Amino acid sequence: MIPAHWAAQGPGVGLNWNLVQDLRQLFEFHFMVNAFRAGTVVAVAAGLLGWFMVLRAQSFAGHTLAVAGFPGAAGATLVGLNPAWGFFAFCGAGAAIIAAVPRARAGTQGAGFSEESAAIGTVQAVALALGFLFVSLYHGFLNGINALLFGTFLGITDAQVGVLVAVAAVIVLALAIGGRQLLFASVDPDVAEARGVPVVALGVAFLLLLGFAAAEASQITGSLLVFALLVIPAATAQRLTARPAASIALSVVIAVAVTWLGLAAAYYSSYPIGFFVTTFGFAAYTLAQIATHRAGGRQA
Amino acid sequence: MNLRSVAADPTAATTAPTAELVDATASLGGRTVWSGVNLTVEPGEFVAVIGPNGAGKSTLVKVLLGLLPLAGGEARVLGRPPGEASDRIGYLPQRRSFDPGLRVRGVDVVRLGLDGDRWGVPLPGLGRIRRRRGEDDRRVDEVLRLVGATGYAQRPVGRVSGGEQQRLLIAQALVRRPALMLLDEPLDSLDLPNQAAVAALISSICRDQGVTVMLVAHDVNPILSSLDRVVYVAGGGAVAGTPHDVIRSDILSRLYGTPIEVLTTSDGRLVIVGHPEAPARNCDRHRQQG
Ligand SMILES: Nc1ncnc2c1ncn2[C@@H]1O[C@H](COP(=O)(O)OP(=O)(O)O)[C@@H](O)[C@H]1O
Ligand SMILES: [Mg+2]
């Protein structure tokens, strides 16, 4: 439950110099505990899949999947369902549509790329238009639209956390089983195919998982700021190291860290969580850029 | 090193050809690329596949890999139908360079050649997996040393030069101790000194490791002295022969449709002059930079 005074006037809590007390305050309310649970789960999923997305240069597809969640959530609200189901349904459907477009292979960029990005861009435009339609059909929804687009951490129920955990578990399990083949198929599709790796099927499966990860992240950062969790931690990690295992781990750590910091900052202030998560991510990315630039960009 | 004993398959009869095409036809998108092709590659041979752009050289490689089924005729590779022996074939696709932004090290690319098709992630701490990892690490180090890539294998692969990438890719193709290496234009887009160095590396791998090598090339000059056999793909067919049989002015000129001279140097080496498709002018390869 969200305490009434908090919902009405913003946090009735203040930051002071006693860190222990601050932390205790942070977890005083069950809704905040749930926010940390959900945020952590979402950050792990986004950090993992975001890493492969950046490696495969599919950020545009990832962003489009995130935007596809917006009409889903708005439509679900319109028909009286939990927005979470709308996020999952529409992100999944968006992934299926994008997967049906022939993907440009690493060896044949140039040729296939424009067709692919045109299709993805179309999906994104349609998604935004639909979302707008659903919002205008549902009068009095104007408060909710902010949460859908820019994120919220209020009112996450135990059941919602359960769904987030289940979906994240599927993502982690799938990567544990097929992650190495996906890495091979992403870095070197021609050789992987000749070795019998199911390159096309992996690409489709990856997009579907990415859709689910985007749906998860949307529920914390909102549809428009999913990049904060999907791209920024992965891009920062890949700047800092070119060792795949270390880089993946770092991507997850950064995603979790910016989520925790964002939640804490949003709790102690009256500004939205999406802003804080994005800002902390951006700071990490900028620091990584500066650090590696200083190091001459030759690090491994 | 004990590579030779591992590379040679003890179960295969010594007389069985490494690759064999009988009256083979390949078609792409309903169009016949080549037909009536007969070809035998013996174990340990160094074979060049040459021919003009679009003649079907890469198609030949894909047929041998089992990526493209024959439209007619028969093919056997390492004693089995194509595609069934893919774990004993090292493949270097015709390609451009890696994306400069790709944040994966050269050593990782080589390692994927070894274990990239395995399921699961290696969990640290399990004894059997740790032992396997140790063996894998040693094998990767070994091939990196063999191709002379140790010095830059820790750098992001998109950030090393074209010649260095080619060496890493040869290491990747070699890391599983293949019986056959199919190299599609590995010398392409390299400058002349690098072409000579990489060509020398490939022919030494062929000789020292007992690996059969089929190498698609635009310019055979760098490898001419070490070739056992040349396969010409042109005009909807292919012929094979020894370099001295088929590297002749009349045949090459007909093949490429432009005058080409073959000279014999004082020490008996062949040199092709006026080759129509020097790598620098071969335009279908540099698209990706755009
Ligand atoms: N997917 C495809 N569908 C139809 N035709 C193709 C396809 N891929 C290649 N081709 C054509 O098949 C011919 C042989 O191609 P390829 O084997 O790549 O030639 P090479 O490697 O000798 O330059 C070319 O004319 C090419 O245009
Ligand atoms: Mg070719």
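For the structure given in this document, a descriptive report is provided here. (Residues numbered from 1 in each chain as written. Chains lettered and ligands numbered in written order. Predicted model: local features only at pLDDT ≥ 70, side-chain atom pairs only at ≥ 80, totals over all residues. Heavy atoms only, no water.)

## With respect to the interface of chain A and chain B
Formally: In what follows, a contact means two residues having at least one pair of non-hydrogen atoms within 4.5 Å. Accessible area that two parts lose when put together, with a 1.4 Å probe and added across both, is what the buried area reports. The rule for a salt bridge is simple: a side-chain nitrogen of Lys or Arg has to be within 4 Å of a carboxyl oxygen of Asp or Glu. We call two N or O atoms a polar contact when they sit within 3.5 Å, provided that within protein one can donate a hydrogen and the other can accept it, with sequence-adjacent residues counted only if both atoms are side-chain atoms. Helix numbering and strand numbering both begin at the N terminus, where a helix is a DSSP run of H or I of at least 4 residues and a strand a DSSP run of E of at least 2.
Contact with chain A, which involves 30 residues of that partner, is made by 34 residues of chain B. Both faces considered, chain A and chain B share a buried interface measuring about 3,000 Å² in area, 54% of it formed by carbon and sulfur atoms. Contact with chain B buries surface across chain A, with Arg180(A), Val187(A) and Arg195(A) losing the most and accounting together for 27% of the total. A salt bridge links Arg180(A) to Asp115(B); the nearest nitrogen and oxygen atoms lie 3.2 Å apart. Between chain A and chain B we count 7 residue pairs in polar contact (both at pLDDT 80 or more) in total. Taken together, the elements giving at least two residues each to the side of chain A that touches chain B come down to helix H8 (158–187), helix H9 (189–194) and helix H12 (232–240) of chain A.

## Points about the packing of aromatic side chains
Residues and elements named next belong to chain A. As a reminder, the rule being used: Two aromatic rings from Phe, Tyr or Trp, using only the six-membered ring of Trp, form a pair when their centres are within 6.5 Å; if the ring planes differ by under 30 degrees the pair is stacked, by over 60 it is edge-to-face, and anything between is tilted. Buried residues are those whose accessible area, probed at 1.4 Å on protein chains only, stays under 20% of the maximum for their type, while exposed residues exceed 50% and partly exposed ones sit between those limits.
Evaluation of the coordinates by the stated rule reveals 7 aromatic pairs over all chains. On the numbers, 6.2 Å between centres and 55° between planes, the contact of Phe 88 with Phe 212 is tilted. Linking Phe 88 in helix H5 (residues 83–100) with Phe 212 in helix H10 (residues 199–221), this pair joins segments that are 124 residues apart in sequence. Owing to a relative accessible area of 9%, Phe 88 belongs among the buried residues under this scheme. Ring centres of Phe 276 and Phe 280 lie 6.4 Å apart, and the angle between their planes is 25°; this geometry places the pair in the stacked category. Of this pair, Phe 276 and Phe 280 both sit in helix H14 (residues 273–294), 4 residues apart, roughly one helical turn. Given a relative accessible area of 29%, Phe 280 falls into the partly exposed group. By the ring-pair criterion, three or more aromatic residues cluster together here, those being Phe 275, Phe 276 and Phe 280.

## Description of the site of ligand 1
Residue and element names in this part refer to chain B. Just so we agree on the cut-off: Residues are counted as near a molecule or strand when any one of their heavy atoms sits within 4 Å of it. What sets the accessible areas is the Shrake-Rupley method with a 1.4 Å probe; for residues, cover comes only from the shown protein chains. Residues are grouped as follows: Ala, Val, Leu, Ile, Met, Phe, Trp, Tyr, Cys and Pro are nonpolar; Asp, Glu, Lys and Arg are charged; all remaining types, including Gly, are polar.
All residues in the neighbourhood of ligand 1 are listed as Leu 28, Gly 29, Arg 31, Val 33, Pro 52, Asn 53, Gly 54, Ala 55, Gly 56, Lys 57, Ser 58 and Thr 59. Ala 55 has a polar backbone atom sitting 3.3 Å from an oxygen atom of ligand 1. Taking 560 Å² as the accessible area of ligand 1 by itself, protein coverage stands at 60%. Mapped by element, the contributors of at least two residues to the shell around ligand 1 are strand S2 (31–41) and helix H2 (57–65). No other element matches H2, which puts 3 residues into the shell around ligand 1. The class makeup of the residues in the shell around ligand 1 is 4 nonpolar, 6 polar and 2 charged.

## A short note on the environment of Ala213(A)
Residue and element names in this part refer to chain A. With respect to the helices and strands, Ala 213 occurs in helix H10. Considered as a pair, Ala 213 and Val 226 are 13 residues apart in the sequence and their alpha carbons are 9.5 Å apart. Discounting residues that sit within four places of it in the chain, Ala 213 has contacts with Ala 45, Leu 49 and Ile 171.

## Thoughts on the coordination of the magnesium ion (ligand 2)
The following threshold applies: Distances up to 2.8 Å from the metal define which N, O and S atoms are donors, and 3.2 Å serves for Na, K and Ca; water is absent from the atom set, so sites may look incomplete.
Surrounding the magnesium ion (ligand 2) are the protein donor atoms Ser58(B) (OG) and Gln94(B) (OE1), which sit 2.0 to 2.1 Å from the metal. Taken together, the positions of Ser58(B) in helix H2 and Gln94(B) in the loop between strand S5 (89–92) and helix H3 (106–115) put the pair 36 residues apart, joining distant regions of the chain.

## Re the sheet that holds strand S3 (residues 46–50) of chain B
All names here are of chain B. Spelled out, the test is: In short, DSSP must find at least two bridges between two strands for them to pair. Each axis is a line fitted through C-alpha atoms, and for a helix only the stretch in contact is used; angles between axes span 0 to 180 degrees, taken between their N-to-C directions.
Strands sit in the order S5-S6-S7-S3-S8-S9 across an open sheet of 6 strands; the sheet is mixed. Because the sheet does not close on itself, it has two edges, and the strands there are S5 and strand S9 (237–241). Recorded for the sheet is a direction-independent mean angle of 15° between the axes of neighbouring strands. Judged from the 4 bridges that link them, S3 and strand S8 (residues 229–234) form a sheet pairing that is parallel. When the sheet's bridge partners are listed, Ile 50 is paired in S8 with Tyr 232.

## Focus: the side chain of Asp108(B)
Inspection of the secondary structure assignment puts Asp108(B) in helix H3. Under the relative-accessibility criterion, Asp108(B) is labelled buried at 10%. Not counting residues up to four positions away in its chain, the partners in contact with Asp108(B) are Ala242(A), Arg243(A) and Pro244(A).

## Considering the environment of Asp23(B)
Residues and elements named next belong to chain B. With respect to the helices and strands, Asp 23 occurs in strand S1 (residues 19–28). Assessed through its relative accessible area of 48%, Asp 23 is described here as partly exposed. For the pair Asp 23 and Asn 38, spaced 15 residues apart in sequence, the C-alpha separation works out to 5.3 Å. Sequence-distant contacts of Asp 23, defined by excluding residues within four places in its chain, comprise Gly 36, Val 37, Asn 38, Gly 72 and Gly 73.

## Considerations on empty space enclosed by the protein
Residues and elements named next belong to chain B. Our working rule: Buriedness for pockets is judged along seven lines, at least five of which must meet protein on both sides within 12 Å for an open set on the 1 Å grid over protein atoms alone, while cavities are sets there where a 1.4 Å probe fits but cannot get out, and lining residues have an atom within 4 Å of a point. Grid points are joined across faces, edges and corners, and a volume is the space filled by probe spheres set on the points.
Tallied over the entire structure, the rule returns 3 cavities of 30 Å³ or more. Approximately 60 Å³ is the volume found for the largest cavity. Taken together, 10 residues line the largest cavity, and the ones lying closest to its centre are Leu 187, Asp 188, Ala 217, His 218 and Asp 219.

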